[in-house]
Amino acid sequence: MCVTSSGARVAFKVNGAKVAFANAFSYDVNHAHQPVDVLDQLEPKEYAETGYTVSFSCNMFRVAGQSAVSQGIRPKLEDIL
C-alpha cells in the first residue's frame, strides 16, 4: 500500500504550535506486506506488514521565527564571496 500526497504549502505543528513551513512538498508512505504461507494450505494464511517507510521532499523548508543562516543551513553571503 502506498499513500502519496502533494501540495503548494504545508505547516508543521507540534502540540498545536507552528514550528516549520514548506513549499512545493510531496510525501510517500509505504507499507510493505509479505504473504505468510503455512503447510497444507494453497493460499497465504495472512499478509503480514514487514516494513513502513516515509519519504518527504520540498523545494523550500523554513523554521518558524528563525532564518536559514542562523540555523547554519545556508552560508552567509560574505562566506560565499
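Since this is a predicted model, take the numbers as computed values, not measurements.

Student: Is there a simple way to explain the overall build of the protein chain in this structure?
Tutor: Counting its regular elements, the protein chain contains one helix and four strands. Sorting the 81 residues of the protein chain into buried and exposed places 6% on the buried side. When contacts within the protein chain are restricted to residue pairs at least 6 apart in sequence, long-range pairs at least 24 apart make up 43% of them. Roughly 6,600 Å² of accessible area belongs to the protein chain as shown, and the carbon and sulfur atoms make up 53% of that amount.

Student: Is there a simple way to explain the environment of glycine 65 in this structure?
Tutor: Inspection of the secondary structure puts glycine 65 in the loop between β4 (60-63) and α1 (77-80). Note: C-alpha distance between glycine 65 and valine 19 (46 residues apart in sequence) is 8.3 Å.

Student: Honestly, the environment of valine 54 in this entry has me stumped. Any pointers?
Tutor: For valine 54, the location among the structural elements is in strand β3 (residues 46-57). Separated by 24 residues in the primary sequence, valine 54 and asparagine 30 place their C-alpha atoms 6.4 Å from one another.

Student: How should I be thinking about unusual backbone geometry in this particular structure?
Tutor: When glycine is set aside, most residues are seen to have a negative phi, and most peptide bonds are trans. The phi angle at alanine 24 is positive, at roughly 50°, despite the residue not being glycine. Mapping alanine 24 onto the fold places it in strand β2 (residues 17-36).

Rules behind the numbers
The written sequence of each chain sets the order in which its residues are numbered from 1. Side-chain atom pairs in this predicted model are given and counted only at pLDDT of 80 or more, local residue features only at pLDDT of at least 70, and totals for whole chains, interfaces and linings cover all residues. Note that water and hydrogens are dropped before the side-chain values are worked out from all heavy atoms of the structure. Helix and strand assignments follow DSSP, with helices taken as H or I runs no shorter than four residues and strands as E runs no shorter than two, numbered in order from the N terminus. Buried, partly exposed and exposed residues are distinguished by accessible area as a fraction of the type maximum, computed with a 1.4 Å probe on protein chains only: under 20%, between the cut-offs, and over 50%, respectively. Between two residues, a contact is recorded if the distance between any of their heavy atoms is within 4.5 Å. Areas reported as accessible are Shrake-Rupley estimates using a 1.4 Å probe. Residue values count occlusion only from the protein chains shown.

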